[in-house]
Amino acid sequence: MAKVTPDTRQQILSAALKRFAEQGYAGTSVQQIVEAAGVTKPALYYHFRNKAGLFRALVDWAHEERYRLMQQAVARGGSLAAQLTEICAVLFDFIQDHRSLVRLAFATAFAAPGEVPPEAKCLEKGWRNFEFLHQLLRRAAERGEISRAFTPRELAMGFAGMMNLHVLAHLIRPNGALDRRQARRIVELFLTGAAPGPETARTSKRR
């Protein structure tokens, strides 16, 4: 039997991520994973209870790391605009470094029954991350930093939607940069909107 080393777990995760990303959960067998990782089935079961446990470990990694990055971004302080920009920027960096992992995590939201093991608890982790954003905007509304014309949940949906649509577009066709400049533009559009300001309105009238 192959020796189980500290690197074995990461080897298995990397091999499983590649297989799941290419073939889906249901289309990937344990045999394919161990062959790709260069380990034995006992080695896989030493680290993970089963294929579902392995899939959950990957999804947990994606959601937990994004949650940790969001917490760190907000902890750095500053205005709401600065915090939202930092959240956006660090998540964009994470996506650049872990494209397949993020793609896998996003795909679980649209998976048909049986395509994702229920014990992975994908939706619960996703909503936990959304709730963090919701509470951030709720506190900003209480401080008077943003309009009360919309509920904090509506605002969180709006910002998360803008940010995640950029992520999805990048995952489908990575022909544009997801960087800090793009993060600032998203936050600027979210906080100020596309309606013309006084100066723009005066210019339009002169025309």
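See the structure above.
Note that this is a predicted model, so its numbers are computed, not measured. (Residues numbered from 1 in each chain as written. Predicted model: local features only at pLDDT ≥ 70, side-chain atom pairs only at ≥ 80, totals over all residues. Heavy atoms only, no water.)

Within this structure, the stated rule accounts for six aromatic pairs. Taken together, a centroid distance of 5.2 Å and an interplanar angle of 70° make the contact between Y25 and F55 edge-to-face. Placement of Y25 in the loop between α1 (8–23) and α2 (30–37) and of F55 in helix α4 (residues 51–75) is noted, with a sequence separation of 30 residues between them. Accessibility expressed as a relative area gives 14% for Y25, which makes it buried. Site record: aromatic cluster; members linked through ring pairs are F20, Y25 and F55. Stacked on the ring of Y25, the Lys or Arg K51 has its end atom at 4.2 Å from the ring centre. If you follow R128 out to its NZ or CZ, it ends over the ring of Y67, 3.8 Å from the centre. (Phe/Tyr/Trp six-rings, centres within 6.5 Å; stacked < 30°, edge-to-face > 60°. Helix = DSSP H or I, 4+ residues; strand = E, 2+ residues; numbered from the N terminus. Buried < 20%, exposed > 50% of the residue type's maximum accessible area, 1.4 Å probe, protein only. Lys NZ or Arg CZ within 6 Å of the ring centre and 35° of its normal.)

What follows deals with helix α6 (residues 99–107). Looking only at α6, the buried set comprises L101, V102, L104, A105 and F106. Looking at the buried positions of α6, the neighbouring elements they touch are α1, α4, α5 (80–97) and α8 (152–172). (Contact = heavy atoms within 4.5 Å.)

This brings us to the layout of surface pockets. Here the largest pocket is characterised by a volume of approximately 640 Å³. Along the walls of the largest pocket sit 22 residues, with R66, F106, G126, F130 and N164 positioned nearest its centre. Those elements that provide at least two residues to the lining of the largest pocket are α4, α6, α7 (122–142) and α8. Residue contributions to the lining of the largest pocket peak at seven residues, all from α7. When grouped by side-chain class, the residues that make up the lining of the largest pocket number 15 nonpolar, six polar and one charged. (1 Å grid on protein atoms, 1.4 Å probe; cavity = no way out; pocket = protein on both sides within 12 Å on 5 of 7 lines; lining within 4 Å. Points joined across faces, edges and corners; volume = space filled by probe spheres on them. Nonpolar A, V, L, I, M, F, W, Y, C, P; charged D, E, K, R; others polar.)

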